[in-house]
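This is what each chain is made of:
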Amino acid sequence: MAGPASTPDLPISGSRHQHSTGIYTSWNGRKRRYTPYTKTPKSRKLKGKHLEKRVSSESQEADDIPLKKFVNKTWYVYQVTPLYRFKQDKASLKRYSRHLSSYLQSEAQKGIGVGGIEDDLGARALFQILPGLVDETGNAEGIEITVSQKENGRNGNKVTLTAILSSVGCRELTEMEGLPNDFERFPVLLAKGLVAPMRQTIVWLESQFDCRIRRMSFNPMLLSWMVAMWTGLYSEPMLKPVELRYTVPATLQGLSYITMTIQQEDACKLWKSIHNGDTEEVLNEEVAEFLQALETHFFHHFKIHLSAMTLNRIATPLAFVGKEGRLKILMTKGVRTVLYHLTELSLENTGLTA
Amino acid sequence: MTANNLKSLQKILKSLSRDDLPYIFETWECLSNADIPTLVDELNVNLHRPRLRPNVNDGLRDISNLTSITLIEEGATKKKIVELICEACKIHGIHKKDLADLDLLSTQLHPERKRWIVYEIITNEDSNTEIKDPEVLCEKFGAQLSLLISHDLCMRMHNRAIWFRVGLKSRSKTGQGNAVFIVFHPHSPYFITTPIRQKAKEVIFQALIDMLQADDIQECPLSDKDLGSLQEMTLMKNAQGSFSKYRFNQVHTNPLVKTRGKKRKGSILDDLNIHIENENGKDDHRRQELTTDVFGSNPQPKLLKLEYKMRTQLRGRELAPSEEPFRCVVKFEGTNVIEGIKKLSQTGLASLPLPGHLANVHSMAKNRFLLTDKKES
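Residues numbered from 1 in each chain as written. Chains lettered and ligands numbered in written order. Predicted model: local features only at pLDDT ≥ 70, side-chain atom pairs only at ≥ 80, totals over all residues.

Asker: Give a detailed account of the overall build of chain A, specifying residues and quantitative values.
Answerer: The helix and strand inventory of chain A stands at 10 helices and 15 strands. Relative to its 354 residues, chain A shows a buried fraction of 42%. Partitioning the intrachain contacts of chain A with sequence separation of at least 6 by distance along the chain shows that 67% fall at a separation of at least 24. (Helix = DSSP H or I, 4+ residues; strand = E, 2+ residues; numbered from the N terminus. Buried ≥ 20, exposed ≤ 12 C-beta atoms within 10 Å, placed from the backbone. Contact = placed C-beta atoms within 7 Å.)

What follows is the structure, given as structure tokens:
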């Protein structure tokens, strides 16, 4: 890990770098901005615990209901660069809704959409603030965009796309670093729905707010971080098991996946024997040791080297995450934790934290 | 014919591929005796091909051949053929038994569309009453079963096995979803079925036990989609792996006679590459040898899934966090898992020798395992 790129005082990075005294003093994501691979930091903060406290201090039940929207659905995760001149007030949101609606309708008239032209006519978009995701200062941390379409011959509307812009934890992670005025950060976009409206909405957002939106993918390193961090976060009975799925190299025909499903309690016990429960900080070594322990256990029984395979999907009691950027959150409690971590990753990828 | 019957007829016919149709024309009784085929042909002529048919009085068999072959060879689409058959059946009328028979036929053609579970019959060696004649077996099974439950039974021989289809009365109106297929292998203690609901299972197994005068029926921890491989794994349990070469008659010398190995003659290829040396040649060679020792050189039975339930102590760390076993489940998935594991050991992604529960899957008649620690006593 300790390559030359991780020493903090290299002159390559921009001037803003000097302000940085975040949690990651030992690591700087911005130096590798233009390379497709990002480095994992030496440590991360385990966000679950204190986020939970904050939620429970408020009226938790009222908070949980809107968060149910996130749970048990499969989302695609996108990363978003800062939005230029994005306003959260009601009038602006209304204006955006109108704009996007008319954009979608005009696209439909071009006949580019997948469905028939008549199907695509009458698309309506709606921007609204997501209740339940609001930070201490009252700023919204989640904006929901829904696109719906009139169904032929029926009165009801069919929702074809749900997308959520999230900035959970953003303020905290980028505290020291100011953006030029006019910019607003919503680093993560969760989306689920049909392909055509999704693509069009993304194009519209990109041109409207001068940003870039890209599908996030999670490499095995990031996935192993998530497993380790989220395995021991909660200890209640009847939690979903921890799962690691490895893909076997494609040249080996016949075998495609090796899946290891571990009872949550046992995985949690193992993690607690590695990780010091008092600190919120998770170290790189701890993650490596956790994975190493599981792989050795596997090797002892099957004599197969799991380290030669690629980790491509993980499941924890908190969430399911696939390599190709698919996400399913399993607990309402975990929504904030997961979103926080995604924000962190997105900021690292776009190179906008220090 | 009721609307339900028609619906299920269409459903079965649609599930077949076009290449299956000649076989169905040949074997399904409704089509192999001439009434319906004639109707199909007439309908075809009237509706789509207004031309004179050649000899009508050529004998029944000829006509049936004519129909299937002309229709299929002329390149009629499957949809059209199915339509015609349905139309003809509607006019002529068919029984529920014929439908059940067709269902059985289509399952024999595509066993991979169902999941199959292996069971073992446990008998006393004394009370060995083997029934040789499948007809008798079917009758007896039907008699036993009708004491317990109302059903319809259908039997066919296929690939040296006796196939039963037990249709049970169901609440759903189509009645197709509730059929159970049982594949019997004479002279072996194993039989294979599709999944059965618990209630029906008790009844059917009771009838089987009574019929065979067996003591008990036990579920084997083996179930998968490829019926052929399951049969191979249970019936030829001891002829897998490196022994498969005897089964396929690939050995021409008597294995019990020791012969002095011939000196290997160098091939032309060796001469060409004389200056290129494979540094890991020895290791590769050894790995190949060990792999063929275990798996043999013939294709492995196809399994889509292997599952190991583990209740062993954690071996990942020097100090296990607790005395209790580490509960975890390991699954291997793919199109042909055993072949995949063979490849793993060939390519060196696994250390050799492989543990027994992984290397000998082919001759254990199992694909679900429970691993526990050896008890120290």
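After presenting the structure, the write-up continues.
Asker: Lay out the overall build of chain B in plain terms, naming residues and giving numbers.
Answerer: From N to C terminus, chain B includes 15 helices and nine strands. Counting every position in chain B, which comprises 377 residues, the buried fraction comes to 29%. Long-range pairs, those at least 24 residues apart, make up 72% of the contacts in chain B between residues at least 6 apart in sequence.

Asker: Which residues make up the nonpolar core, and what values go with them?
Answerer: In a soluble, globular protein the nonpolar side chains are often hidden away together inside. Formed by 105 residues in total, the largest nonpolar core has its most connected members in M226 and F290 of chain A. Leave out the neighbours within four places in its chain, and M226 of chain A touches I314, T316 and V321 of chain A. (Core = buried A, V, L, I, M, F, W, Y, C linked by C-beta atoms within 7 Å.)

Asker: If you had to explain the pairing of strand β2 (residues 151–158) of chain B to someone new, which residues and values would you point to?
Answerer: Residues and elements named next belong to chain B. Here eight bridges tie β2 to strand β3 (residues 161–168), and the two strands are oriented antiparallel to one another. Bridge pairing in β3 places M157 opposite I162. The turn joining β2 and β3, which pair antiparallel and follow one another in sequence, is formed by two residues; a positive phi near 50° is taken by N159. (Pairing = 2+ DSSP bridges.)

Asker: Which residues make up the environment of H99 of chain A, and what values go with them?
Answerer: Within the secondary structure, H99 of chain A is located in helix α3 (residues 90–110). Spatially, the C-alpha atoms of H99 of chain A and W204 of chain A are 9.1 Å apart, while their sequence positions differ by 105 residues.

Asker: Pulling in residues and values, what's your account of the interface of chain A and chain B?
Answerer: If you look at the interface, chain A gives 29 residues, while chain B gives 33 residues. Residue contributions to the side of chain A that touches chain B peak at eight residues, all from helix α9 (residues 284–302) of chain A. In terms of residue class, the side of chain A that touches chain B is made up of 14 nonpolar, 12 polar and three charged. As paired strands, strand β11 (residues 257–262) of chain A and strand β8 (residues 326–333) of chain B are joined by six bridges and run antiparallel to one another. (Nonpolar A, V, L, I, M, F, W, Y, C, P; charged D, E, K, R; others polar.)

Asker: Kindly report on the packing of helix α1 (residues 3–15) of chain B against helix α7 (residues 96–109) of chain B, identifying the contributing residues and their values.
Answerer: All names here are of chain B. For the pair α1 and α7, the least separation of the axes is 10 Å and the interaxial angle reads 20°. It follows that α1 is roughly parallel to α7 by the angle criterion. In terms of crossing hand, the pair formed by α1 and α7 is left-handed. Residues N5, S8, L9, I12 and S15 of α1 touch α7, and the partners they reach there are K96, L99, L102, D103 and S106. (Axes fitted to C-alpha atoms, helices over the stretch in contact; angles between N-to-C directions. Parallel < 35°, antiparallel > 145°, perpendicular 65-115°, else oblique. Left-handed = near helix turned anticlockwise from the far one by under 90°.)

Asker: Kindly report on the sheet that holds β2 of chain B, identifying the contributing residues and their values.
Answerer: Residue and element names in this part refer to chain B. Taken in spatial order, the six strands line up as β2-β3-β4-β5-β1-β6 in an open sheet, and their pairing is antiparallel. Lying at the two open borders of the sheet, with one neighbouring strand each, are β2 and β6 (216–224). Averaged over all neighbouring strand pairs, the angle between strand axes comes to 25°, with direction disregarded. With three bridges connecting them, strand β4 (residues 179–184) and strand β5 (residues 190–193) associate as antiparallel partners. Each residue of the ladder has a partner; that of F184, found in β5, is F191. Set on the sheet, helix α8 (residues 134–148) makes contact with β2 and β3; between it and β2 the angle comes to about 160°.

Asker: I'd love a proper account of the environment of T335 of chain B, names of residues and values included.
Answerer: Note on placement: T335 of chain B falls in the loop between β8 and α14 (337–347). Linking T335 of chain B and L304 of chain B, residues 31 residues apart in sequence, is a C-alpha distance of 5.2 Å.

Asker: Run through unusual backbone geometry, naming residues and quoting values.
Answerer: A cis amide bond, omega -5°, links L352 of chain B with the succeeding residue P353 of chain B. Of note, the phi angle at A365 of chain B is positive, near 50°, even though the residue is not glycine.

Asker: Give a description of the environment of S235 of chain A that names residues and reports values.
Answerer: Examined against the element boundaries, S235 of chain A turns out to sit in the loop between α7 (220–231) and β10 (242–247). For S235 of chain A, a count of 12 C-beta atoms within 10 Å gives the class exposed.

Asker: So what about the confidence of the model for chain A? Which residues, and what values?
Answerer: Residue and element names in this part refer to chain A. Here chain A averages 77 in pLDDT, and 75% of its residues register 70 or above. Per-residue pLDDT stays below 50 along residues 1–36; that stretch engages in 45 contacts with residues further than four places along the chain or on separate chains. Note on residues 53–59: pLDDT is under 50 here. Beyond four places in sequence and across chains, it has four contacts. (pLDDT = per-residue confidence, 0-100.)

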